[in-house]
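Take a look at the letters that make up each chain.
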Amino acid sequence: MKDAYSALEFALVQAQIKPFARGERARYQIDHLTMIEDKDALTHELLVLDEMSSLLLRYGNLPLSFSTDLTPYLELARKGGTLQPADFDHIAEDILTSLAILKYFAKAVGNYDRLKAYIQGFVDLTPLEKNIHKVITPTLTIYDNASPTLKSIRKRILAAETELQNRISSLVSTYGAFLSDGNVTLRDGHFVLPVKTGDKRKVPGIIHDVSDSGNTTFIEPGSIVEMNNKVYLLHQEEAEEIQRILKMLTSLVLVDAPAISRNNEMLGYLDFVQAKALYANANECLVATLSPKQIVNLHAARHPLIPKDKVVPNTFYLDEAKRIVVISGPNAGGKTVALKTVGLLVLMNQCGLALPTVFPAELGYFKHIYVDIGDSQSLADNLSTFSGHIANLVDMTLSLKGSDLILIDELGTGTDPREGEALAIGVLRYIKDKHALAMVSSHYSALKEFALSTEALENASMIFDEDHLVPTYKIKIGVPGRSYGLEVAKRSGLRDEIVDYAKKELIGKRDEDVALILGKLEKQVRETEMLKDQLSAKEKQLIER
């Protein structure tokens with residue numbers, strides 16, 4: 001059976017959140033979002049997210065720069081390695097960012113108690129930051145004043161290179177007629193003249209290289225060999241002194257490694273929570289209330305993967321009194337989307353995310369979310385669609401508890417309809433006895449009747465525009481729906497004699513009566529909805545006056 005994450009396409013939600021993250025740690029946490037298994041931990045995470053959403057709306061984004069995971073740098077230092085300028089720059093940036101966040105919160109007035117308590121864990125590493133920036137320049141080179149020795153070496157390098165450049169200028173003038181061009185180049189750290197190969201004997205010195213064409217020979221004139229060696233050795237001294245300085249700076253980092261790691265983790269977490277909050281604010285999502293009861297109360301909930309201009313909001317309600325909802329209605333009427341909306345929003349909540357609802361949702365804590373949606377056929381396991389669904393039901397029912405949520409699309413399909421109905425009713429009865437919450441979709445009349453006559457079960461229907469034979473994608477709790485299969489077939493162009501024969505000769509009188517009753521119920525529901533919309537419009541007009 002597919003797990004809830006893949007069946008509900010949770011990875012696509014993660015992909016929507018990820019661009020709001022600034023650093024590596026936050027992106028990693030988004031990629032690895034899973035249900036928070038401890039109820040108290042989930043409550044805390046949701047409250048932190050609620051605080052962050054409010055904070056960002058009032059004071060703007062946290063002063064977070066791109067934050068690198070510093071773990072590899074600290075591990076290298078612990079193993080005796082030497083950090084490089086870019087590594088130190090990342091460490092210093094973390095220190096400055098943590099200080100900026102403390103200043104940001106100092107100005108934030110409001111109920112942000114959990115976030116303010118959290119940031120008190122930052123360790124002030126200003127002395128380390130100042131030591132780093134005494135050595136590392138903004139362009140990630142080393143300051144001359146990083147040590148007296150380095151300053152002295154660089155002065156000697158400047159004097160030696162100036163003397164060498166003057167001598168080379170003189171040689172270029174002397175041997176100008178033999179040069180292929182006037183540009184002096186470096187070979188193996190030595191300055192050389194680009195001499196025409198035919199004239200190479202006219203310039204005394206050491207041959208270092210020949211051009212690919214063979215037309216130019218690179219010669220180090222004998223008169224500057226010693227000067228070149230001097231400059232080369234001075235640069236070697238410079239490199240050794242820089243290595244010593246970086247080693248010393250690495251030792252300072254090692255002393256503060258625990259605090260650096262802690263600050264880095266904290267910045268990653270704040271970045272992670274901010275990314276979730278920015279996603280919530282951008283998509284008009286609200287943090288749900290975690291209820292001690294088993295309940296699903298989603299008001300005007302939107303599927304987060306359907307564009308705002310196309311999604312149809314729906315309200316869903318399940319509790320201990322009405323634990324199972326049977327959704328019926330036409331094909332392509334929105335039953336599967338309804339199931340996925342409920343499942344995905346419950347999953348998002350338990351991963352510590354805000355939900356696309358008009359009012360804050362009220363949700364219980366579910367230990368497991370079982371999902372059987374889509375084709376369960378498996379060629380690899382030699383399973384038919386029906387066998388695949390049965391395998392899923394086996395997995396669900398083996399360890400089912402009252403703390404679980406079950407979502408099943410087209411329960412009982414794939415076999416003889418009578419057997420399928422009987423099996424579906426048996427499954428619903430079992431779920432009811434286990435006190436779990438469930439939503440299932442079905443076309444079976446027997447399931448609709450079972451829901452009507454059984455305590456703790458309730459019907460729901462996807463409202464269908466009967467006049468135009470098109471779905472509205474709106475759900476109505478409390479009323480079963482028709483499938484409209486024959487009407488849609490006829491509207492789609494299937495010959496009248498086929499549809500009429502099926503309706504008059506093959507559909508039983510009882511089924512026809514049930515369909516007629518359901519049709520009248522749906523019509524009443526549509527009329528009631530229209531009246532409600534009209535009353536709401538008039539009420540709005542009166543308020544505006």
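Scoring rules and cut-offs
Residues numbered from 1 in each chain as written. Predicted model: local features only at pLDDT ≥ 70, side-chain atom pairs only at ≥ 80, totals over all residues. Heavy atoms only, no water. Axes fitted to C-alpha atoms, helices over the stretch in contact; angles between N-to-C directions. Helix = DSSP H or I, 4+ residues; strand = E, 2+ residues; numbered from the N terminus. Parallel < 35°, antiparallel > 145°, perpendicular 65-115°, else oblique. Contact = heavy atoms within 4.5 Å. Nonpolar A, V, L, I, M, F, W, Y, C, P; charged D, E, K, R; others polar. Pairing = 2+ DSSP bridges. Buried < 20%, exposed > 50% of the residue type's maximum accessible area, 1.4 Å probe, protein only. Polar contact = N/O pair within 3.5 Å; in protein donor to acceptor, adjacent residues only side chain to side chain. Phe/Tyr/Trp six-rings, centres within 6.5 Å; stacked < 30°, edge-to-face > 60°.

Trainee: Please give an account of the packing of helix H10 (residues 225–255) against helix H11 (residues 257–282) that cites residues and values.
Mentor: Direction vectors running N to C along H10 and H11 enclose 70°, while the axes themselves pass 4 Å from each other. On the basis of the axis angle, H10 is roughly perpendicular to H11. Contacts between H10 and H11 involve Val253, Leu254 and Val255 from the former and Ala257, Pro258 and Ile260 from the latter. Residues belonging to the contact of H10 with H11 are distributed by class as follows: 6 nonpolar, no polar and no charged.

Trainee: Go over the sheet that holds strand S6 (residues 296–301), please, and point to the residues and values.
Mentor: Here we have 4 strands laid out as an open sheet, ordered S5-S9-S6-S7, and mixed in their pairing. On the outer flanks of this sheet lie strand S5 (289–290) and strand S7 (314–318), each paired with one strand and no other. Relative to S6, helix H12 (residues 335–350) is tilted by about 115°, and along the sheet it contacts S5, S6, S7 and strand S9 (362–363).

Trainee: If you had to explain the pairing of strand S11 (residues 404–408) to someone new, which residues and values would you point to?
Mentor: For S11, the buried fraction is high: 5 of the 5 residues fall into the buried class. The alternating pattern of S11 places Asp404, Ile406 and Ile408 on one face and Leu405 and Leu407 on the opposite face, and all of these are buried. Of the strand pairs in this sheet, strand S10 (residues 368–372) and S11 are connected by 5 bridges, and their pairing is parallel. Bridge pairing links Ile369 to Leu405 in S11. As paired strands, S11 and strand S12 (residues 437–441) are joined by 4 bridges and run parallel to one another.

Trainee: Mind laying out the environment of Gln14, listing which residues take part and the relevant values?
Mentor: By secondary structure assignment, the location of Gln14 is in helix H2 (residues 10–17). Distance from Gln14 to Ile30, taken between C-alpha atoms, is 6.1 Å for residues 16 residues apart in sequence. Those residues in contact with Gln14 that sit more than four places away from it in its chain are Ile30, Asp31, His32 and Leu33.

Trainee: Can you lay out the environment of Thr413 for me, pointing to particular residues and giving the numbers?
Mentor: Within the fold, Thr413 resides in the loop between S11 and helix H14 (417–433). For Thr413, a relative accessible area of 27% corresponds to the partly exposed category. A C-alpha to C-alpha distance of 9.5 Å links Thr413 and Leu423, two positions 10 residues apart in sequence. Ignoring sequence-local partners within four residues, the contact set of Thr413 consists of Phe386 and Tyr444. A polar atom in the side chain of Thr413 sits 3.0 Å from the backbone oxygen of Glu410.

Trainee: Tell me what's going on with the pairing of strand S4 (residues 216–221), and back it up with residues and numbers.
Mentor: For S4, the tally of buried residues reaches 6 of 6 residues, placing the bulk of the element in the interior. Along S4, one buried face is formed by Thr216, Phe218 and Glu220 and the opposite face, lined by Thr217, Ile219 and Pro221, is buried too. The sheet contact formed by strand S2 (residues 190–196) and S4 spans 4 bridges and is antiparallel. Bridge assignment links Lys196 to a residue of S4, and that residue is Thr216. Both strand S3 (residues 205–210) and S4 contribute to a ladder of 5 bridges, which runs antiparallel.

Trainee: Explain the packing of aromatic side chains to me, and be specific about the residues and the numbers.
Mentor: Scanning the entire structure with this criterion turns up 5 aromatic pairs. Ring geometry for Tyr5 versus Phe10: centroids 5.8 Å apart, planes at 65°, classification edge-to-face. A relative accessible area of 25% places Tyr5 in the partly exposed class. Take Phe10: its relative accessible area is 1%, and that puts it in the buried class. Geometrically, the ring pair formed by Tyr104 and Phe105 is edge-to-face, given 5.5 Å between the ring centres and 75° between the ring planes. Like Tyr104, the residue Phe105 is buried in the burial classification. Put simply, the rings of Tyr118, Tyr269 and Phe272 pair up and form one aromatic cluster.

The values are spatial; any link to function lies outside them.
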